[in-house]
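Summary of the model geometry
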Amino acid sequence: MRLCTFATADGAFPGRIEGDRVIRLGAPSLAAFLGGGGEDLDELALDDVRLLAPIPEPPSVRDFYAFEQHVANARARRGGEVPPEWYEIPVFYFSNPAAIVGPDADVAYPVGTEELDYELEVAAVIGAGGAIAGFTVMNDWSARDLQRQETRVGLGPAKGKDFATSLGPVLVTVDEFDGGAATMTARVNGEERSRGELADLHFSWDEIVARAALNTTLRPGDVIGSGTVGTGCILEHGDGRWLRPGDVVELEVEGLGVLRNRIG
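A brief report on the enclosed structure follows. In every chain, residue numbers begin from 1 and rise along the written sequence. Reporting of local features is limited, given that this is a predicted model, to residues whose pLDDT is at least 70; pairs of side-chain atoms are given and counted only at 80 or more, and all residues count toward the totals for whole chains, interfaces and linings. The side-chain numbers reported here are obtained from all heavy atoms of the structure, hydrogens and water having been left aside.

**Notes on the packing of aromatic side chains**
Aromatic ring pairs are reported here in terms of the distance separating the ring centres and the angle at which the planes meet. So the rule is basically this: Each aromatic pair joins two rings of Phe, Tyr and Trp (for Trp, the six-membered one) with centres within 6.5 Å, and gets the label stacked for planes under 30 degrees apart, edge-to-face for over 60, and tilted for any other angle. Labels follow the DSSP assignment, with helices taken as runs of H or I lasting at least four residues and strands as runs of E lasting at least two, numbered in each case from the N terminus. Here, over-ring charges are defined by two tests on the NZ atom of lysine or the CZ atom of arginine: distance to the ring centre within 6 Å, and angle to the ring normal within 35 degrees.
Evaluated as defined, the whole model comprises seven aromatic pairs. Between Phe 64 and Phe 92 the ring centres are 4.9 Å apart and the planes differ by 40 degrees, which places this aromatic pair in the tilted class. One end of the pair, Phe 64, is in strand β6 (residues 61-64); the other, Phe 92, is in strand β7 (residues 92-94), with 28 residues separating them in the sequence. Through successive ring pairs, a cluster of aromatic residues spans Phe 64, Phe 92 and Phe 94. Seen from the ring of Phe 13, Arg 24 lies directly overhead, with NZ or CZ sitting 5.1 Å from the centre.

**Observations regarding the pattern of salt bridges**
Put simply, the rule reads: By salt bridge we mean one thing: a side-chain nitrogen of Lys or Arg within 4 Å of a carboxyl oxygen of Asp or Glu. Classification of residues uses two cut-offs on accessible area relative to the type maximum, computed with a 1.4 Å probe and protein chains only: under 20% is buried, over 50% is exposed, and between them is partly exposed.
On inspection of all chains with the given rule, the structure shows 18 salt bridges. Two residues, Arg 16 and Glu 18, come together in a salt bridge whose shortest N-O distance is 2.8 Å. In this structure Arg 16 comes out as buried when scored by relative accessible area, which is 12%. Glu 18 gets classed as partly exposed once you look at its relative accessible area, which sits at 43%. Residue Asp 222 pairs with Arg 62 through a salt bridge whose shortest N-O separation is 3.8 Å. Within this pair, whereas Asp 222 is found in the loop between α4 (205-213) and β17 (223-225), its partner Arg 62 is found in strand β6, the two being separated by 160 residues in sequence. Of the two residues examined, Asp 222 and Arg 62, each falls in the buried class. Put simply, Asp 104, Arg 187, Glu 250, Glu 252 and Arg 260 are held in one network by salt bridges that share partners.

**Remarks on the nonpolar core**
For clarity, the threshold we go by: Within this scheme, the nonpolar core is defined by two criteria: the residues are buried Ala, Val, Leu, Ile, Met, Phe, Trp, Tyr or Cys, and they are joined through side-chain atoms within 4.5 Å.
Within the largest apolar cluster, 53 residues are counted, with the highest numbers of intra-cluster contacts made by Tyr 118 and Leu 243. Leu 34, Ala 53, Val 125 and Val 223 belong to the second largest nonpolar core, which has 18 residues in total.

**Side note on the sheet that holds strand β16 (residues 191-197)**
Two pairing modes exist for strands in a sheet, parallel and antiparallel, and in both the strands are linked by backbone hydrogen bonds. Where we set the bar: Note on pairing: two strands pair once DSSP finds at least 2 bridges between them.
Across the sheet, which stays open at both edges, the five strands sit in the order β9-β19-β18-β15-β16 with mixed pairing between neighbours. Strand pairing shows two members of the sheet lacking a second neighbour, β9 (106-107) and β16, which therefore form its edges. Taken together, the six bridges between strand β15 (residues 183-188) and β16 define a ladder with antiparallel strand orientation. What sits directly across from Thr 183, in β16, is Glu 197.

**Section: the side chain of Glu 121**
Going by this rule: Positive charge is attributed to Lys and Arg, negative charge to Asp and Glu, and no charge count is given to His or to the chain ends. Whether two residues touch is decided by their heavy atoms; if any such pair falls within 4.5 Å, the residues are in contact.
With respect to the helices and strands, the residue Glu 121 is situated in strand β11 (residues 120-126). Despite its burial, Glu 121 pairs with no opposite charge; the closest candidate is Lys 161, at 5.8 Å N-O. Look past the residues within four positions of Glu 121 in its chain and what remains in contact with it is Asp 63, Val 137, Met 138, Asp 140, Met 184, Gly 225, Ser 226, Gly 227, Thr 228 and Val 253.

Interpretation in functional terms is not warranted from these geometric data alone.
Quick look at the structure:
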């Protein structure tokens, strides 16, 4: 199934997309539907609604660091190598669940940065029983100069990341997309800048979810990012072509669709 959260003049609702129609689901949110289901309600034309982030207010956002090529490239830019510990456990940081941006929405250019970057990722969304319910496209926007300053202290990323995370356009359930393989591309103003393969994940989704759940409880709607695919950000290219206001960034994942945002 292709699930979504959509907006009309009457508010925001969880839905299921079928062709050019969207069926409103009888649940207070898509996260609630993933945890307990809900009956079909009315039906609308897809063209008459606006898609929001599938999970506009997730309970938590964990972003992993699970593509070896990305880690190696990013470390090399700082004169380092992949630490041995990276191969031992999947690691993540917590991002800001209050800064979720949906498809075709503007992302405000963050104050204090001159090095705004996109990050090409896939995110799993948790459903009932702590299992993955489905997948969506994720853009872990990054202010690289702010991030660099913070991590030199030994903490972070924080303000280098927490101004925006984009999700969408839809959530594709695991019966149609298992998270195993897909071509991933990024375009800026129509120019392809990144291309990678989801199959290159070093850790399996089972390992990633198990690490996220260690000593805690995962809740329906929790978002778990894969981390950036190899070559999937400007930092890795080292060409200094950072994003500027007015740029349009499109992240496309085969089977999940295109997540498009404009820098405001």
